[in-house]
Amino acid sequence: MQIAKKKTSLAEKINIMRASVMGANDGIVSVAGIVIGVAGATNNSYAIFLAGIAGMLAGTISMAMGEWVSVSTQRDSERRAIEKESAALDADYDKEFKFIKDKYHKTGIPEELAARATKEMLEGDKIDTAVRERYGFNPKEKTSAIAAALASMISFPTGSLLPLLSITLFPERIKLISTMIAVVIALVITGYTAAVLGNANRGKAALRNVVSGLLTMGVTYGIGLLFAH
């Protein structure tokens, strides 16, 4: 007897992709800022590498825990909304019916048609319909806090490897500029991908990502120079 596998919803897939892209992006920017900053203070490759590894480990844990807390909080809020709407339907069904009917009527749908559509939807699955119309989310689309945390836990160190390896492996005379170029290219990719997932302007998103990365590296490098000896 085969056990049916639980299908992953589109919302869950997007949530995991979002956590992966943002985790990789934060890994690139955070560790690039650290290694560039330390490189501004010293040419010691071991010190730079050690600082980068420390930043990678700390960032990995921080991002994973942040995603877990964030998504768990969202899930808690959604559960409270479902409980509240379920109680509202039991206490005053007509009020909730009128809210949904008026919502559709305001979009230009004739009142009679809006009432009929509301009646049919509530007869099908009244709690899901009422929650969706009043709070704007689908109770059937559930996101996993653990999946988001694991996605960040994998993607952050993956993104961190680019600046860490660049600053470590490139020759001394070109390691700073090479690392910055590698980071900029990576930030264009992650910024563009994040914009695709969020249905935003691709060019602006990539540009903002690059500017934030360059600003981070510039500031940390300047601070590093202040402590150079």
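Scroll up to find the structure this text is about.
Residues numbered from 1 in each chain as written. Predicted model: local features only at pLDDT ≥ 70, side-chain atom pairs only at ≥ 80, totals over all residues. Heavy atoms only, no water.

### So, the overall build of the chain
Check the secondary structure of the chain and you find seven helices and zero strands. In the chain, the order of α-helices and β-strands from amino to carboxyl end is α-α-α-α-α-α-α. The C-alpha atoms of the chain give a radius of gyration of 24 Å, which is well past the 17 Å a tight globule of 229 residues would have. With the C-alpha coordinates aligned to their principal axes, the bounding extent of the chain is approximately 75 × 50 × 35 Å. A buried classification covers 35% of the 229 residues belonging to the chain. Taking all contacts inside the chain whose residues are at least 6 apart in sequence as the whole, residues at least 24 apart take part in 73%. When the accessible surface of the chain is summed, it comes to about 13600 Å², and 66% of that surface belongs to carbon and sulfur atoms. Taking the 26 positively charged and 21 negatively charged side chains of the chain as two groups, their mean positions are separated by 7 Å. (Helix = DSSP H or I, 4+ residues; strand = E, 2+ residues; numbered from the N terminus. Rg over C-alpha atoms; globule rule 2.2 N^0.38 Å. Buried < 20%, exposed > 50% of the residue type's maximum accessible area, 1.4 Å probe, protein only. Contact = heavy atoms within 4.5 Å. Areas by Shrake-Rupley, 256 points an atom, 1.4 Å probe, with all protein chains shown as cover. Lys, Arg positive; Asp, Glu negative; His and termini not counted. Charge placed at Lys NZ, Arg CZ, Asp CG, Glu CD.)

### Describing the nonpolar core
One recurring pattern in soluble globular proteins: nonpolar side chains tend to sit buried together. Counting 16 residues, the largest nonpolar core has Val35, Ile167, Val183 and Leu187 as its most contacted members. Every element with two or more residues in this core is listed here: helix H1 (10-41), helix H2 (45-91), helix H5 (145-169), helix H6 (175-198) and helix H7 (202-226). Per element, the largest residue contribution to this core is seven residues, and it comes from H1. The residues touching Ile167, leaving out its near neighbours within four places in the chain, are Val35, Ile36, Ala39, Ile48, Lys175, Leu176 and Thr179. (Core = buried A, V, L, I, M, F, W, Y, C linked by side-chain atoms within 4.5 Å.)

### As for the packing of aromatic side chains
Taken as a whole, this structure holds one aromatic pair when the rule is applied. Look at Tyr93 and Phe97: their rings are 6.4 Å apart centre to centre, the planes differ by 40 degrees, and that puts the pair in the tilted class. Residue Tyr93 and its partner Phe97 are both found in helix H3 (residues 93-105); the two are separated by four residues, about one turn of the helix. Sitting above the plane of the Phe99 ring, Arg134 keeps its charged end 3.8 Å from the centroid. (Phe/Tyr/Trp six-rings, centres within 6.5 Å; stacked < 30°, edge-to-face > 60°. Lys NZ or Arg CZ within 6 Å of the ring centre and 35° of its normal.)

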